[in-house]
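Read off the chains here:
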Amino acid sequence: MKIIRETPYIWKIEKFGNMKVDAIVFTNSETIYSQEYHEAIQQLINVASLPGIVKAAYAMPDIHWGYGFPIGGVAAFDTDNGIISPGGVGFDINCGVRVMTTSLSYSEIKKYIDKLIKEIYNNIPVGVGSRTNFKFSVKEMKNIIENGAYWAINSNYGISEDLNNIEDRGKIKYTDFNTMSKEAIKRGSNELGTLGSGNHFIEIQKVGKIYNLEIAEKWGLFENQIVYTIHSGSRGLGHQIATDYIKILRDNLKEWNKKIPDKQLINAPFNSQYGQNYFLAMNGAANFAFANRQIMGHKIRKIFKEIFGTDVKLLYDITHNIAKLEEHIIDGKKKKLIIHRKGATRAFKNQPVLIPGDMGTSSYVLIGTEKSESLAFGSSAHGAGRVLGRRQAKRKLNSKDILTELKNKNIRIIAKSKGTIVEEAPEVYKNIDDVIEIIEKTGISKKIAKLIPIGVVKG
DNA sequence: ATGTAC
């Protein structure tokens, strides 16, 4: 294997063996050869061998090991002779991030942080198996699946201008309710507007440093401003769709998948019936997730209105686990591709890019660039990236120490489970500042503002 | 991530 340093932050693994294209890794010289990158890079090499992959397999600086495809990976496939793979999307279909902005400064709400996070915790179901106390009918579920955030706004969870600030306006048109199992629909029927567990969170944050005043102003951001971030996805519904289609492809496309280097890379030709059915079902789950974040975002907006009498705007809502049908220029010609972004954020030119760090450090708002479009199909990182596995975290850390650490930093927290506090402790993540620095240096997005956590709600 | 296991 030959790793070539293209620039100080871009590394190329020249294609060898069964690879159809090169692999490109965005990172620094300290991590490229590190043990923690090793498995993920092997997975990236496997991805580069899949049929119809175009240009290269890409890895963002926060890559780590995932199901088949690495988390933090981007892979584009030709729609005529390429594939679509559930492992290239992930189990939490349309896991994503939304940032909402208030007109309040930190000093105005300082005394109310405990009250705020308590209100949020009491109004939004959080944690493993979090459910609403009612169920949507199958007919209403069809409406939700087909219309996503558009459905939510029509159901009084939001204002129409919210749609302008959601990726794909919160509604992907390529979907078909009939491609989704009864089980998936049943699981989703009492999960809409719930946070979930693991790395999902709601944070009240204050705007720290502003890096680009002009854009920040345009986006309604100012120093010491109170904003909030929601990180969640499609809950059990999306998980069920992923599980269903991995099995369907395994049972029905044995011959087609005979040569894959890892059984977790199970896939279907994009233009086949199986490939199309997964695509349509996955998009249904994505629409469910858009509605999910829209509801939670609006509920918190109402809490702010009740306590402070202030209005809240949506800065942006973006997904980082999805396969999208997009047009990109390949060899000077426009081409339709199916872009898998798994733990990678879309970062088209001038678009807000939201990258959460960990609950003890910070998160960032960035802007997409032309360079991202030319270098990585318009993609950027999605988070800090784990350095400790969940089990390792539980062995090494205890919740009491983490709570003390957060208290010392003046960060309030309500969490349903002590286990989650440990599994999601600041120590289990890479330093977000390092990830952001690499992104800046490569130019795949540019910093706009830093967000500092002050109140955290966890599952 | 996940009714953390079929």
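Keep in mind that this is a model prediction, so the values were computed, not measured.

A. Structural detail: the overall build of chain A. Secondary structure summary: chain A contains 13 helices and 19 strands in total. For chain A, whose C-alpha radius of gyration is 21 Å, the value lies close to the compact-globule estimate of 23 Å for 459 residues. Based on the C-alpha atoms only, the size of chain A along its principal axes is roughly 60 × 50 × 45 Å. Within the span of chain A, comprising 459 residues, buried residues form 62% of the whole. Taking the contacts inside chain A whose residues are at least 6 apart along the sequence as the reference set, 77% of them involve residues at least 24 apart. Between the mean site of the 65 positive side-chain charges and the mean site of the 48 negative ones, chain A shows a separation of 3 Å.

B. Structural view of the protein's contact with DNA strand B. Close to DNA strand B lie 16 residues, the nearest being Val128, Glu183, Arg187, Asn199 and Arg235. Contact between DNA strand B and Arg235: a phosphate oxygen at 2.5 Å from a side-chain N or O atom of the residue. Elements with a contribution of two residues or more to the surface near DNA strand B: helix 5 (182–188) and helix 7 (235–252). For the surface near DNA strand B, the per-class residue count stands at 2 nonpolar, 7 polar and 7 charged.

C. Geometry of the packing of helix 3 (residues 113–123) against helix 8 (residues 273–308). Orientation of helix 3 relative to helix 8, taken along the N-to-C sense of each, is 140 degrees, at an axis distance of 10 Å. Between helix 3 and helix 8, the angle is such that the two are oblique. Note that helix 3 runs across helix 8; the crossing there is right-handed. Taken together, the residues of helix 8 that come into contact with helix 3 (itself represented by Lys115, Leu116, Glu119, Ile120 and Asn123) are Lys299, Ile300, Ile303, Phe304, Ile307 and Phe308. Residues belonging to the contact of helix 3 with helix 8 are distributed by class as follows: 7 nonpolar, 1 polar and 3 charged.

D. Molecular detail of the pattern of salt bridges. Applying the stated rule across the entire model yields 27 salt bridges. Among the ionic pairs, Asp251 bridges to Lys247, the shortest N-O distance being 2.8 Å. Pair noted here: Asp251 and Lys247 are both in helix 7, with a separation of 4 residues, about one helical turn. Asp251 gets classed as partly exposed once you look at its relative accessible area, which sits at 42%. It is possible to trace a salt-bridge network through shared partners that takes in Arg386, Arg390, Lys394, Glu423 and Glu424.

E. Quick look at the environment of Glu373. Its place among the elements puts Glu373 in helix 9 (residues 370–376). On the basis of relative accessibility, which here comes to 34%, the residue Glu373 falls in the partly exposed class. Considered as a pair, Glu373 and Ala347 are 26 residues apart in the sequence and their alpha carbons are 7.6 Å apart. When residues no more than four places from it in sequence are discounted, the contact partners of Glu373 are Phe348, Lys349 and Gly378.

F. Representation of the sheet that holds strand 5 (residues 71–78) within the structure. Pairing is mixed in the open sheet, where 7 strands are placed in the order 1-2-3-4-5-13-12. Each end of this open sheet is capped by a strand with a single partner; those strands are strand 1 (3–7) and strand 12 (321–330). Adjacent strand axes in the sheet meet at a mean angle of 25 degrees when their direction is disregarded. Inspection of the sheet shows strand 4 (residues 53–64) paired to strand 5 by 5 bridges, in the antiparallel sense. Bridged to Ala59 within strand 5 is Gly73. In the packing of helix 8 onto the sheet, contacts are made with strand 12 and strand 13 (333–342), and the angle to strand 12 comes to roughly 115 degrees. On the sheet, helix 13 (residues 432–442) packs against strand 2 (10–13), strand 3 (22–26) and strand 4 and is oriented at approximately 145 degrees with respect to strand 4.

G. Focus on unusual backbone geometry. In this structure, Asn156 is a non-glycine residue whose phi angle is positive, near 70 degrees. Along the chain, Asn156 falls in the loop between helix 4 (138–154) and helix 5. Given a relative accessible area of 64%, Asn156 falls into the exposed group. At Asn350, a residue that is not glycine, the phi angle is positive and equals roughly 70 degrees.

Conventions used here
Position labels on residues start from 1 in each chain and follow its written sequence. The naming scheme follows written order: chains are lettered A onward, ligands numbered 1 onward. Reporting in this predicted model follows two pLDDT cut-offs: at least 70 for local features of residues, and 80 or more for side-chain atom pairs to be given and counted; totals over whole chains, interfaces and linings ignore these cut-offs and use all residues. Side-chain measures here rest on the full set of heavy atoms in the structure, leaving out hydrogens and waters. Counting from the N terminus, the helices are DSSP H or I runs at least four residues long and the strands are E runs at least two residues long. Radius of gyration here uses only the C-alpha atoms, and the compact-globule reference equals 2.2 Å multiplied by the residue count raised to the power 0.38. Each residue is placed in one exposure class: buried if its accessible area under a 1.4 Å probe, protein chains only, is under 20% of its type's maximum, exposed if it is over 50%, and partly exposed if it falls in between. We call two residues in contact whenever any of their non-hydrogen atoms come within 4.5 Å of each other. This count recognises Lys and Arg as positive and Asp and Glu as negative, with His and chain-terminal groups excluded. Every charge is mapped onto a representative atom, which is NZ of Lys, CZ of Arg, CG of Asp or CD of Glu. Residues are counted as near a molecule or strand when any one of their heavy atoms sits within 4 Å of it. Two N or O atoms form a polar contact when they lie within 3.5 Å of each other; inside protein one atom must be a possible hydrogen donor and the other a possible acceptor, and for residues adjacent in sequence the pair counts only when both atoms belong to side chains. Classification convention: Asp, Glu, Lys, Arg as charged; Ala, Val, Leu, Ile, Met, Phe, Trp, Tyr, Cys, Pro as nonpolar; all other residues, Gly among them, as polar. Helix axes are fitted only over the stretch in contact, all axes being lines through C-alpha atoms; the angle between N-to-C directions runs from 0 to 180 degrees. For classification purposes, angles smaller than 35 degrees are called roughly parallel, those larger than 145 roughly antiparallel, those between 65 and 115 roughly perpendicular, and all remaining angles oblique. Throughout, a crossing is termed right-handed when the near helix is turned clockwise from the far one, and left-handed when it is turned anticlockwise from it by less than a right angle. Any Lys or Arg side-chain nitrogen found within 4 Å of a carboxyl oxygen on Asp or Glu counts as a salt bridge. Strands pair, by our definition, only if DSSP identifies at least two bridges between them.

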